[in-house]
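Residues per chain, in single letters:
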There are 2 protein chains.
Amino acid sequence: MSNYYVGVDLGGTTVKLGLFSDEGDLLEKWEIPTRKEDNGSHILPDIVESIEGKMASYDGHIKGIGMGVPGPVTDDGVVRGCVNLGWGNIEAKDELASLTGVGNVKVGNDANVAALGEIWKGGGRGFDSIVMVTLGTGVGGGIIQHGKIVNGSTGAAGEIGHIKIKPGAKEVCGCKGHGCLECYTSATGVANMAKGGVIETKNTLEGSYLEGKDITAKDVFDGAKEGDAYCLEIVENFGFLLGVGLANVASVADPEAFVIGGGVSKAGNIVIEAVEKNYNDNCMEALKGKQFRLAELGNDAGIYGAVRQVIK
Amino acid sequence: MSNYYVGVDLGGTTVKLGLFSDEGDLLEKWEIPTRKEDNGSHILPDIVESIEGKMASYDGHIKGIGMGVPGPVTDDGVVRGCVNLGWGNIEAKDELASLTGVGNVKVGNDANVAALGEIWKGGGRGFDSIVMVTLGTGVGGGIIQHGKIVNGSTGAAGEIGHIKIKPGAKEVCGCKGHGCLECYTSATGVANMAKGGVIETKNTLEGSYLEGKDITAKDVFDGAKEGDAYCLEIVENFGFLLGVGLANVASVADPEAFVIGGGVSKAGNIVIEAVEKNYNDNCMEALKGKQFRLAELGNDAGIYGAVRQVIK
């Protein structure tokens, strides 16, 4: 009989699950839909049922379950509201433990958990402390210190997408704030900068690589790779704003390395180069020379990080 | 025979020392000069000699020595250079332990140690996590999470004076960066804003409470308390920049409370009011409503925090 561990990445549409060996190897992964009706009251029972069904074909015990959720989570595993799931305050850790009879249960915020996955098995391998930035539709963040997630006092630590990088600017963020890092450096933000009217540019959209396109962040980085001057200018602005933002994060958290993930990071080293240069130009002497890495686990970061919470 | 603990606040001009009881009560405090000659090699022996001299009149043993130093310190108690002391890299913790024969020795950065003092016996009492901001000639910061100092990977965590609050602005900081929080919200920064040419104002220095004065930060807050429109405008700008800066800090560290100390904080509640309002206007919903407190220990924060590192 073997021991197994389960990592659960609970999202607004699907729940990703991973079964791991004692040694932390991913044995199998699968997904179930997230049933949000009835205030999300079916979600945890569905997860438990799915895990139990999966275990029918394995000879052994579950020694731990780790989960990531899309909302703030305290050190005690209490989820402080998840609009995406229909959840108010939920004692997710205790409920999952009680439904499964497994004592070793941990729950964390999804961005923090992804950071834990990347420092364990991804782009942050070998470091003791990282800040992970996820550049997707929004900008998420997760902070790992001494190998552990930093939740902060209310579970909102690491929300670096909402650093005000242009205080008082006209751009309004999803959080209702003005001038948040997310307004400029998310996939949406990069596209918006390229569409015009957000930042001042020397070159113009007209006649550029982007002319006539719908304009996505990918288009902007593709154009920059081909040497298009307008795209290069947008990428430089992206790099400046994210570099300054991460310099500000370093002034608070002083990690060993930054790991950059999410859709925008698929553009590759051009992202690292744009950010790293501007970071070093805008941080204190004592903070220069931090490592910058691309995330490596993609959509699996969540299940890896979730299970890492409960595997020693 | 009783047990005693010593707190050492090592500054560039004087070393402040405090002798504490087992219960954490300050029994006696005194100072010695900081001898910086010979690369600061006399500093630690002088401290040890002074402690031993003091103990001649006490019947008991020293059970622990904690020290704060004006430079970055790692979790291992290694000081990574202190220009003010003539020090390069110094294994301060191990040297102090070896010179005294006391095993329980801890060394921390002075701003971090002051934060630890304030959460123990000062304005941060009752909280589990705080960010302390010291508004003096410069702007220092210290972060306490779960009652412990956050040093970061190189001892530079909590350097919040060097957050770029106006990225790319013309104002140059002591750290050589442009647009650091310190440029506007230190005592010097507030005075510079009032002297003109730094920020746009509706009112003018001419005809204001400040006309004809040398202009210190204290003058600016005094004028604001008397209702002078120009001083009120400078205070509002100070509050906006520090409030946004602390909102950015909260997005990373999510503390329970902010404690504001240093010379500028002597202006009292007007400082808290200016900062708290702008903080709440510029942070995410999840981070609103943090507590803001004035520091209470003044120049003794250093010895209290230093000794707190070694008293349980």
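Note that the structure is predicted; figures quoted are calculated from it, not measured.

Thresholds, definitions, all that
- Residues numbered from 1 in each chain as written.
- Chains lettered and ligands numbered in written order.
- Predicted model: local features only at pLDDT ≥ 70, side-chain atom pairs only at ≥ 80, totals over all residues.
- Heavy atoms only, no water.
- Least-squares fit on C-alpha atoms with pLDDT ≥ 70 in both.
- Contact = heavy atoms within 4.5 Å.
- Helix = DSSP H or I, 4+ residues; strand = E, 2+ residues; numbered from the N terminus.
- Buried area = accessible area lost by both parts, 1.4 Å probe.
- Polar contact = N/O pair within 3.5 Å; in protein donor to acceptor, adjacent residues only side chain to side chain.
- Nonpolar A, V, L, I, M, F, W, Y, C, P; charged D, E, K, R; others polar.
- pLDDT = per-residue confidence, 0-100.
- Pairing = 2+ DSSP bridges.
- Axes fitted to C-alpha atoms, helices over the stretch in contact; angles between N-to-C directions.

S.K.: I keep staring at the relation of the copies chain A and chain B and nothing clicks. Help me out?
M.R.: Note: a rotation about an axis with an accompanying shift along it relates these two copies of the chain. The transform that puts chain A on chain B rotates by 180 degrees and translates by 0.0 Å along the axis, for an RMSD of 0.0 Å. Considering both components of the superposition, the chain copies are consistent with a two-fold axis. By residue overlap, the copies meet face to face through one surface: 100% of the interface positions of chain A are interface positions in chain B.

S.K.: I'm lost on the side chain of Asn248(A) in this one. Help?
M.R.: The topology assignment puts Asn248(A) in helix 8 (residues 229–253). Ignoring any residue separated from it by four or fewer positions in sequence, one finds Asn248(A) in contact with His162(B), Ile163(B) and Lys164(B).

S.K.: Help me understand the interface of chain A and chain B, please; the structure alone is not making it clear to me.
M.R.: Accessible area lost when the parts come together is the quantity often used to give the size of an interface. If you look at the interface, chain A gives 38 residues, while chain B gives 38 residues. Here chain A and chain B share an interface that buries about 2,800 Å² over both sides, 58% of which is from carbon and sulfur atoms. For the pair chain A and chain B, the number of links is 24 residue pairs in polar contact (both at pLDDT 80 or more). The greatest single-element share of the side of chain A that touches chain B, amounting to eight residues, is contributed by helix 8 of chain A. Class assignment for the residues of the side of chain A that touches chain B results in 18 nonpolar, 14 polar and six charged.

S.K.: Please explain the environment of Val307(A) as it appears in this structure.
M.R.: Secondary-structure assignment places Val307(A) in helix 10 (residues 301–308). Each C-alpha atom, one on Val307(A) and one on Val73(A), is 16 Å from the other, the two residues being 234 residues apart in sequence.

S.K.: What's the story with the confidence of the model for chain A in this structure? I'm lost.
M.R.: Close reading of the predicted structure is inappropriate where its pLDDT is low. With 100% of its residues at a pLDDT of at least 70, chain A reaches an overall mean of 96. In the model output, the complex is listed with pTM 0.94 alongside ipTM 0.93.

S.K.: So what exactly am I meant to see when it comes to the sheet that holds strand 1 (residues 2–10) of chain B here?
M.R.: Whether parallel or antiparallel, the strands of a sheet pair through hydrogen bonds between backbone atoms. Residues and elements named next belong to chain B. Ordered in space as 3-2-1-4-7, the five strands form an open sheet in which the pairing is mixed. The outermost strands of the open sheet, each flanked by one partner alone, are strand 3 (26–33) and strand 7 (105–109). Along the sheet, successive strands turn relative to each other by an average axial angle of 20 degrees, direction set aside. Note that strand 1 and strand 4 (residues 60–69) share eight bridges and pair parallel. Bridging from a neighbouring strand, Ser2 pairs with Gly60 of strand 4. Contacting strand 4 and strand 7, helix 4 (residues 110–121) runs over the sheet at an angle of about 110 degrees to strand 7. Along the sheet, helix 10 (residues 301–308) contacts strand 1, strand 2 (14–21), strand 3 and strand 4; its crossing angle with strand 1, the most-contacted strand, is approximately 125 degrees.

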